[in-house]
Amino acid sequence: MRGTTVSEQRSVDDHLRRVLSDLRVPEPIELALLDAQGLLCAEDVLAEAPLPGFDNSQMDGYAVRAADTAGATAEEPVELPVVGDIPAGSRAPRGVTRGLSLRIMTGAPMPAGADAVVPVEWTDRGVARVRIDRPAEPGLYIRRTGEDIRSGELAVRAGTPIGPAQVGLLAAVGRERVLVRPRPRVVVLSTGSELVDVGRRPGPGEILDSNSYALAAAARDAGAEVYRAGIVPDDHARLLAVLEGQLLRADLIVTSGGVSQGAYDVVKEALGELGTVEFVSVAMQPGQPQGFGTLGDNGTPIFCLPGNPVSSLVSFEIFVRPAIRLMLGKRHLVRRTVTATALRSLSSPPARRQYRRGLLHREADGKYSVEPVGGAGSHLLAGLAQANCLIVIDEEVSEVSEGDQVTVIPLLLASA
Ligand code: AMP
Ligand code: MG
C-alpha cells in the first residue's frame, strides 16, 4: 500500500476491505500433532493403513463359530469348551474350530475360524467351559478391518480445523506431524512517552501501559503467536529502530498510540514519511485515526492503532482480528453478529459507525436484548471490561429508541 498522510473519511467496510486485500496467507508449516491443535490442516491427509487395522472384538466375550450357538436359550444354554484367552495386543491367536470357543477381550484380534463374539453378558462367564444362553448371528460384535476408514481414504481434508477428534484421527492413522496454516507471529508495542510498564509506579503525568497487554491478549485470542515488545517513547529514531529489530520475527506488527493530530504523534510522523504506511480517518467511533501499511523488505503488514484503550481494542476487533484470521487461512473473518432489542435509547454521531460497549442478554424466548454499559468515552476501559458485546450503530443512524432492533457483536459468549 502506497501513499502518505491523507485526511479523507473512509468507511469501516472500505478500510477493512483494503486491509484484507493487502495481506498474504503465510506458507504452511509442518507441526507436531499437539502443536497443530486449533490450526487449519493444510494438506489432504490420507490413511496409509485401514482403521481398524485388523478384525477385532467389540466386546469382552467369547469368540465362537456362530453356528455352534444355534438354539441357545436361558433354559437350554449351549455349552462350549474354552480353549484359551485372547487378550488385547495378542499377536497370533490360535484359531477356533467347530464346537470350541476362546475367551476374547475388547480390541483383541479375531481368531481364525471364529465368526462371532458372544458377549460375557450372555454367558455364565465360564473359564474352562462356557454356557451361552442366546444364539449369535455371524458377524456379531466384530469390528471389521477398514470399517472406520479404508487405506488410501481421506482422513483429514485440507482446510479442516484441527480439534481433538482430528488430532486423535491423525495419531490413529500414524501421523506424528501434519502440515498446517501457522499462527502468525504478531508483535505488539505501545508508543507514548507517558507510559510505564506494569509493576512500576507511574511518576507525575505517567500512566501504566495497558494497551500492549490488552492487544497482546486480543491477538492471542484471535489465534496469533504473540510477542509483546513493550513500550517505545515518542521518539522518531527509537521507534524506527525498534520496528526494524522486530521485523525479524514479525508476520504482523500492531502499534498503539501516536496516530492522531497531536504534535507528538510520532508513529504517524515517522511511518508516514516512509510512504508505505497510510494514515486515514475512518468513519467510526471509537477508533477514527487508523494507520495501515507495510514495513521492510518482506512487506510485513503493520497496523497503527489509536492509543486510547477502548479505541485500540475496538480497532483491533474490527480490523486486526479479521487480518489474523485471514493469515490463519480461515474463511470466516469477522464475528457473527446477532440482532437484539435495545433496552435503552442511544444516540450516536451522524455519518460514523459507533461501537458502544453493551451487555447482551438472552431472554427466555431465545431472543436477545442489549443494554449499554459505561459511557461512550474511548478512555473508559472499565466499561469495556464489564461489557460482553459491542453494539453497532450504523453510519446512517443517529438515534436508537428503546425497543429498536440493533446489531450486536458478541465478544464473550462463554459464561464464567
Ligand atoms: P495517543 O493515541 O498516543 O494520542 O494516546 C491517546 C490516549 O491514550 C492518551 O490519553 C494516552 O495516554 C492513552 N494511551 C496511549 N497509549 C496507551 C497505552 N499503551 N496504555 C494506556 N493508555 C494509553
Ligand atoms: Mg501518544
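Model, not experiment: these values are computed from the prediction.

1. Things to note about the environment of His15
1) Next: Turning to its location among the elements, His15 is positioned in helix H1 (residues 12-21).
2) Next: For His15 and Pro81, which are 66 residues apart along the polypeptide, the C-alpha to C-alpha distance reads 79 Å.
3) Next: Setting aside anything within four residues of it in sequence, one finds His15 in contact with Arg10, Val280, Val282, Gln290, Phe292 and Phe319.

2. What to know about the nonpolar core
1) Next: Counting 55 residues, the largest nonpolar core has Val178, Phe303, Phe316, Ile324 and Tyr355 as its most contacted members.
2) Next: Here this core gets ten residues from one element, more than from any other, and that element is helix H6 (residues 309-327).
3) Next: Excluding residues that lie within four positions of it along the chain, Phe316 makes contacts with Leu215, Ala218, Ala219, Ala222, Leu305, Arg321, Pro322 and Ile324.

3. Details of the sheet that holds strand E21 (residues 300-305)
1) Next: Strands sit in the order E1-E18-E20-E21-E17-E13-E16 across an open sheet of seven strands; the sheet is mixed. This sheet does not close on itself; its edge strands, each paired only once, are strand E1 (9-10) and strand E16 (225-232).
2) Next: With five bridges joining them, strand E20 (residues 289-295) and E21 adopt antiparallel strand pairing. Residue pairing for E21: Thr294 is matched across the bridge by Pro301.
3) Next: Sitting on the sheet, helix H5 (residues 266-274) touches strand E13 (185-191), strand E17 (252-256), strand E18 (277-282), E20 and E21, and the angle it makes with E18 is about 125°.

4. Structural notes on the packing of aromatic side chains
1) Next: Evaluation of the coordinates by the stated rule reveals one aromatic pair.
2) Next: Relative to Phe303, the ring of Phe292 has its centre 4.7 Å away and its plane inclined at 50°; by these criteria the two rings are tilted. Pair noted here: Phe292 is in strand E20 and Phe303 is in strand E21, with a separation of eleven residues, a long-range link. Both residues of the pair, Phe292 and Phe303, belong to the buried class.
3) Next: Above the ring of Trp122, the side-chain terminus of Arg134 is found at 4.0 Å from the ring centroid.
4) Next: When the ring centre of Tyr213 is taken as reference, the NZ or CZ atom of Arg228 above it lies at 3.9 Å.

5. Looking at the site of ligand 1
1) Next: Neighbouring ligand 1 are 17 residues; Glu194, Asp209, Ser210, Gly258 and Gly307 lie closest to it.
2) Next: For ligand 1, a nitrogen atom lies 3.2 Å from a polar atom in the side chain of Ser190.
3) Next: Contacts to ligand 1 include Asn308, whose backbone N or O atom sits 3.2 Å from an oxygen atom.
4) Next: Protein burial of ligand 1: of its 480 Å² of free accessible surface, 77% is covered by the chains.
5) Next: Every element with two or more residues in the shell around ligand 1 is listed here: E13 and strand E15 (207-208).
6) Next: Across the shell around ligand 1, the residue classes tally to four nonpolar, ten polar and three charged.

6. Examining the side chain of Thr276
1) Next: On the secondary structure map, Thr276 appears in the loop between H5 and E18.
2) Next: Residue Thr276 is classed as buried on the basis of its relative accessible area, which comes to 16%.

7. Quick word on H5
1) Next: Residues of H5 that are buried include every one of Val266, Val267, Lys268, Ala270, Leu271 and Gly272, and no others.
2) Next: Contacts made by the buried residues of H5 are with E13, helix H4 (236-246), E17, E18, E20 and E21.

8. Here we look at helix H3 (residues 211-221)
Because an α-helix packs 3.6 residues into every turn, residues spaced three or four apart end up facing the same way.
1) Next: Where H3 is concerned, the buried positions are Asn211, Ser212, Leu215, Ala216, Ala218 and Ala219. Down the axis of H3, the sector holding all buried residues measures 165°, keeping them to one side. Of the exposed residues in H3, the ones pointing more than 90 degrees away from its buried face are Arg220 and Asp221.
2) Next: Residues of H3 that are buried sit in contact with E13, E16, E17, E21 and H6.

Quick notes on the rules
- Residues numbered from 1 in each chain as written.
- Chains lettered and ligands numbered in written order.
- Predicted model: local features only at pLDDT ≥ 70, side-chain atom pairs only at ≥ 80, totals over all residues.
- Heavy atoms only, no water.
- Helix = DSSP H or I, 4+ residues; strand = E, 2+ residues; numbered from the N terminus.
- Contact = heavy atoms within 4.5 Å.
- Core = buried A, V, L, I, M, F, W, Y, C linked by side-chain atoms within 4.5 Å.
- Buried < 20%, exposed > 50% of the residue type's maximum accessible area, 1.4 Å probe, protein only.
- Pairing = 2+ DSSP bridges.
- Axes fitted to C-alpha atoms, helices over the stretch in contact; angles between N-to-C directions.
- Phe/Tyr/Trp six-rings, centres within 6.5 Å; stacked < 30°, edge-to-face > 60°.
- Lys NZ or Arg CZ within 6 Å of the ring centre and 35° of its normal.
- Near = heavy atom within 4 Å.
- Polar contact = N/O pair within 3.5 Å; in protein donor to acceptor, adjacent residues only side chain to side chain.
- Areas by Shrake-Rupley, 256 points an atom, 1.4 Å probe, with all protein chains shown as cover.
- Nonpolar A, V, L, I, M, F, W, Y, C, P; charged D, E, K, R; others polar.
- Arc of directions from axis to C-beta.

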